[in-house]
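Letter by letter, the chains look like this.
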Amino acid sequence: MTSSQKSKKQETGRQELPPTAWAVLGLLSFPGERTGYELKKWADSSLRFFYWSPAISQIYAELRRLEELGYAASARSGPEEARAKRRYAITDAGREALAGWAADTSEAGPPVLKHGLLLRVWLGHLAEPERLRAMVGEHLERTRAELAAVREAMEQAGAVAEWAFPALALRWSERQHLAELELGEALLTDLADLTGEARQAGGDAPTPG
């Protein structure tokens, strides 16, 4: 750790944690206690639409880390439940640290786009034009399915007053998916125009071999 990092840590009073840890702690910051499995379900129906959803193993690893730091606490369920469960809750220290991290805009960084489909389009000179168009069509179908899931999550979040800010993030995700559909349709048009120009020039688009 550099001297500047040490100074920053002393000023904020926070531990240097990976984004996954802050995301898990963020899930705990809403009212109620939750098991690791419940946190995973919520991440799958919220975080994954605009960030990503950690694996269940990552969630439990971060919960252990957060407990060691005093940012989270857990308790096992009593004999009234058929299967014993460990439920987690954020502590006052955890809430204070999370609030400081959330308010630090330098932590956010620029958005990162890793678009697998576009990587393949970039290599389109090695593919059959029809296959490229089919891949874009499949991407559009997946995006429509994701959009439906986002809207379902928005409806659930809208029914809970404490989830007003998660609902805003989901609304942004809805707009992002709508934009992705528009971009995909435009890409189909671009591919059709490109292959049409290639034929007029006297040959097909480059293909393997």
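Note that the structure is predicted; figures quoted are calculated from it, not measured.

Conventions adopted
Residues numbered from 1 in each chain as written. Predicted model: local features only at pLDDT ≥ 70, side-chain atom pairs only at ≥ 80, totals over all residues. Heavy atoms only, no water. Helix = DSSP H or I, 4+ residues; strand = E, 2+ residues; numbered from the N terminus. Buried < 20%, exposed > 50% of the residue type's maximum accessible area, 1.4 Å probe, protein only. Areas by Shrake-Rupley, 256 points an atom, 1.4 Å probe, with all protein chains shown as cover. Contact = heavy atoms within 4.5 Å. Core = buried A, V, L, I, M, F, W, Y, C linked by side-chain atoms within 4.5 Å. Patch = residues over 30% accessible without salt bridge, like charges linked within 9 Å, V, L, I, M, F, W, Y side chains within 5 Å. Salt bridge = Lys/Arg side-chain N within 4 Å of Asp/Glu carboxyl O. Axes fitted to C-alpha atoms, helices over the stretch in contact; angles between N-to-C directions. Parallel < 35°, antiparallel > 145°, perpendicular 65-115°, else oblique. Nonpolar A, V, L, I, M, F, W, Y, C, P; charged D, E, K, R; others polar. Expected span 1.5 Å × (residues − 1). Arc of directions from axis to C-beta. Phe/Tyr/Trp six-rings, centres within 6.5 Å; stacked < 30°, edge-to-face > 60°.

Draft legend 1. Representation of the overall build of the protein. What the protein contains, in helices and strands, is eight helices and two strands. Its helices and strands taken in sequence order, the protein reads α-α-α-α-β-β-α-α-α-α from the N to the C terminus. Within the protein, buried positions represent 33% of all 209 residues. Put simply, the protein shows about 13300 Å² of open surface, and 55% of that area lies on carbon and sulfur atoms.

Draft legend 2. Local environment of the environment of Leu147. The topology assignment puts Leu147 in helix H7 (residues 129–158). As for Leu147 and Arg175, which are separated by 28 residues in sequence, their C-alpha atoms are 9.1 Å apart. With near-sequence residues (within four places) excluded, Leu147 lies in contact with Glu174, His177, Leu178 and Leu181.

Draft legend 3. Geometry of the nonpolar core. In terms of nonpolar packing, the biggest core is built from 22 residues, with Trp22, Leu25, Leu28, Leu39, Leu63, Leu66 and Tyr71 touching the most fellow members. Of all the secondary structure elements, the ones that give two or more residues to this core are helix H2 (19–28), helix H3 (36–44), helix H4 (56–69), strand E2 (86–90) and helix H5 (92–103). In terms of residues, this core owes the most to one element, H2, which gives seven residues. Leaving out residues up to four positions away in the same chain, Leu28 has contacts with Leu39, Leu63, Ala72, Tyr88, Ala89 and Ile90. If you look at the next biggest cluster of nonpolar residues, it comprises 11 residues, including Leu117, Ala127, Met135 and Leu187.

Draft legend 4. Representation of a nonpolar patch on the surface in the model. Among the surface-exposed residues, Leu119, Trp122, Leu123 and Leu126 lie close enough to one another that they form a single nonpolar patch of about 460 Å² accessible area. Owing to a relative accessible area of 65%, Trp122 belongs among the exposed residues under this scheme.

Draft legend 5. Here's a closer look at the pattern of salt bridges. A full pass over the atoms with the stated rule returns nine salt bridges. Glu141 is the partner of Arg144 in a salt bridge, and the nearest nitrogen-oxygen pair spans 2.7 Å. Taken together, the positions of Arg144 and Glu141, both in helix H7 and three residues apart, correspond to about one turn of that helix. Exposure remark for Glu141: the relative accessible area of 53% places this residue in the exposed category.

Draft legend 6. The packing of H2 against H4, seen in detail. Closest axis-to-axis distance for the H2/H4 pair is 9 Å, and the angle between their directions is 80°. When the interaxial angle is binned, H2 and H4 end up roughly perpendicular. Of the residues in H4, those touching H2 at Thr20, Ala21, Val24, Leu25 and Leu28 are Gln58, Ile59, Glu62, Leu63, Arg65 and Leu66. For the contact of H2 with H4, the per-class residue count stands at seven nonpolar, two polar and two charged.

Draft legend 7. Local environment of H5. A rise of 1.5 Å per residue sets the reference length of H5, with its 12 residues, at 16 Å; its end C-alpha atoms lie 17 Å apart and thus fit the reference within 8%. Within the span of H5, buried status applies to Gly94, Ala97 and Leu98. Each buried residue of H5 lies within a common arc of 100° when the element is viewed along its axis, so the set occupies one face. Turned more than 90 degrees from where H5 packs its buried face, Asp92, Glu96 and Ala103 sit exposed. Of the surrounding elements, those touching the buried residues of H5 are H2 and E2.

Draft legend 8. Representation of the packing of aromatic side chains within the structure. Scanning all chains against the criterion turns up five aromatic pairs. An aromatic cluster is built from Trp22, Tyr71 and Trp101, whose rings are joined through pairwise contacts.

The values reported here are purely geometric and, on their own, carry no functional implication.
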